[in-house]
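Here's the letter readout for the chains.
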Amino acid sequence: MDCCRAANPFRLCSVLRVLGSFMVFLVLAIVTLSYYAVVVVAWGPRLSHGFPVSVLASAIIVVFHLLLALLIWSYFMVVFHDPGAVPANWRPLLDEESLERTASATLSDYIVPETRASTSSTLEGIERRPDTGYCTRCQNGKPLRCHHCSVCQRCVLKMDHHCVWVVNCVGARNYKFFLLFLIYTFLETLLDTFVLLPNFVKFFGDARKHSSSPGNLAVTFLAFVLNLAFALSLLCFLGMHTSLVLSNTTTIEVYEKKKAVIWKYDLGKRKNFEQVFGTKKLLWFLPLFSAEDLEKLPSLKGLDFPTRSDV
């Protein structure tokens, strides 16, 4: 056993922690490059042009800054927000009184109507955790949907994956922030691609005529290519995570879900969405949770999860 542990390739994952600061600076560098290309080079100078060019330039710059603010806000929330750690000396709650107390506050809101049981429902809608495990690395109990991260060297509640771009694990308590970061990055890169397209086409003519500064030409070309590449890759990534959210599945659980006849955490698309984004519609697209959701939604605490009563 010791020799197997010594040869464990996942121990090399700790090297990824060294890339932490570099990845943050890389993200900020790409944002700075895009800002310079869109605002300073492409559309900022057009604010002094006559109607309707000045109006279009103003609208583009306002939308650009709005998306940029939401992007940066979401990014730093997922970077600095704890994804969810297992409490010290955690053990499953097996007593019926604790289960009833937890379930009574949440079950009625998270069991789909057509599958809600009429009897003993207070004990069926919340996961009893009979199959909870024990992490030998953390020397602590391991709740359901919890996994040990080889990079962070700790167990993460409802772990989805470790993301090198955010230098953090994505789990129960910051998954919403990660998804918003993806959404606003996609929208920002899509906007940048379209508004830089005329300058990109013009780039080849200006390069031959030497009518623009080489620095601005290089910035415009690089910013367009980077934003186009990110927009296309994020479109696929967003499609995957949209499917995961609507089925109440994590990236790690995809294989497990395929083996299940009925996925026990699938409460219906609306309830699945609320498990991640909360119940307050005004906060759905802001990297915030209401105090009520933090108190009442078990999925945001990461230790208990509502389940289907027909499984």
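Residues numbered from 1 in each chain as written. Predicted model: local features only at pLDDT ≥ 70, side-chain atom pairs only at ≥ 80, totals over all residues. Heavy atoms only, no water.

1. Details of the nonpolar core
By size, the foremost hydrophobic cluster in this structure holds 50 residues, and its most contacted members are Trp43, Val166, Tyr175, Phe178, Leu179, Leu196 and Phe277. Looking at this core, the elements with two or more residues in it are helix 2 (20-43), helix 3 (53-80), helix 6 (175-209), helix 7 (214-246) and helix 9 (269-277). Here the element with the most residues in this core is helix 6; it accounts for 13 residues. Setting aside anything within four residues of it in sequence, one finds Phe277 in contact with Lys176, Leu179, Leu180, Val245, Trp284 and Phe289. (Core = buried A, V, L, I, M, F, W, Y, C linked by side-chain atoms within 4.5 Å. Buried < 20%, exposed > 50% of the residue type's maximum accessible area, 1.4 Å probe, protein only. Helix = DSSP H or I, 4+ residues; strand = E, 2+ residues; numbered from the N terminus. Contact = heavy atoms within 4.5 Å.)

2. Some thoughts on helix 2
For helix 2, built from 24 residues, the straight-helix expectation of 34 Å at 1.5 Å per residue is met to within 8% by its first-to-last C-alpha distance of 33 Å. The sharpest bend along helix 2 comes to roughly 25°, located at Tyr36. (Expected span 1.5 Å × (residues − 1). Bend = angle between axes of the 7 residues up to and from the residue.)

3. Let's talk about the state of the cysteines
Evaluation of the coordinates by the stated rule reveals 0 disulfides. The closest cysteine sulfur to the non-disulfide-bonded Cys155 is located on Cys135, 3.5 Å from its own sulfur. Cys149 supplies the cysteine sulfur nearest to Cys169, a cysteine that is in no disulfide, at a spacing of 3.2 Å. (Disulfide = S-S within 2.5 Å.)

4. Re the UniProt feature "transmembrane region" (unreviewed entry) in the protein chain
As recorded in UniProt, the feature "transmembrane region" (unreviewed entry) lies at residues 21-43, 55-76, 177-197 and 217-238. The distance from the first to the last C-alpha atom of residues 217-238 is 31 Å, and the span holds 100% helix and 0% strand. (UniProt positions renumbered as here; feature names shortened; annotations may be inferred.)

5. Looking at the layout of surface pockets
Empty space among the atoms becomes apparent when a probe as large as a water molecule is rolled across them. Its volume calculated, the largest pocket comes out at about 420 Å³. Along its surface, the largest pocket is lined by 21 residues, and Trp165, Phe181, Thr185, Phe230 and Leu234 are the ones closest to its centre. At the level of secondary structure, the elements contributing two or more residues to the lining of the largest pocket comprise helix 2, helix 3, helix 6 and helix 7. For the lining of the largest pocket, the element with the most residues is helix 6, which contributes 7 residues. (1 Å grid on protein atoms, 1.4 Å probe; cavity = no way out; pocket = protein on both sides within 12 Å on 5 of 7 lines; lining within 4 Å. Points joined across faces, edges and corners; volume = space filled by probe spheres on them.)

6. Digging into the packing of aromatic side chains
Enumeration over the complete set of coordinates arrives at 14 aromatic pairs. Ring centres of Trp165 and Phe230 lie 6.0 Å apart, and the angle between their planes is 80°; this geometry places the pair in the edge-to-face category. Residue Trp165 is located in the loop between strand 5 (161-163) and strand 6 (168-170), and its partner Phe230 is located in helix 7; the two are separated by 65 residues in the primary sequence. Taking relative accessible area as the criterion, Phe230 reaches 23% and is therefore assigned partly exposed. Judged by centre distance (6.5 Å) and plane angle (50°), the rings of Phe277 and Phe285 are tilted. The side chain of Arg46 reaches across the aromatic face of Trp43, ending 4.2 Å from its centre. Above the ring of Phe305, the side-chain terminus of Arg145 is found at 4.9 Å from the ring centroid. (Phe/Tyr/Trp six-rings, centres within 6.5 Å; stacked < 30°, edge-to-face > 60°. Lys NZ or Arg CZ within 6 Å of the ring centre and 35° of its normal.)

7. Considering the environment of Lys269
Note that Lys269 resides in helix 9. Remark: the alpha-carbon pair of Lys269 and Ser243, spanning 26 residues in sequence, is separated by 9.8 Å.

8. Focus: the side chain of Lys158
Tracing the backbone through its elements, the reader meets Lys158 in the loop between strand 4 (154-156) and strand 5. In contact with Lys158, other than residues within four places in its own chain, are Arg145, Cys146, Val170, Gly171, Ala172, Asn248, Thr250, Val276 and Phe305.

9. Focus: empty space enclosed by the protein
This model, assessed by the stated rule, comprises 1 cavity of 30 Å³ or more. The volume enclosed by the largest cavity comes to roughly 50 Å³. Lining the largest cavity are Lys158, Gly171, Ala172, Tyr175, Lys176, Gln275, Val276, Phe289, Ser299 and Leu300.

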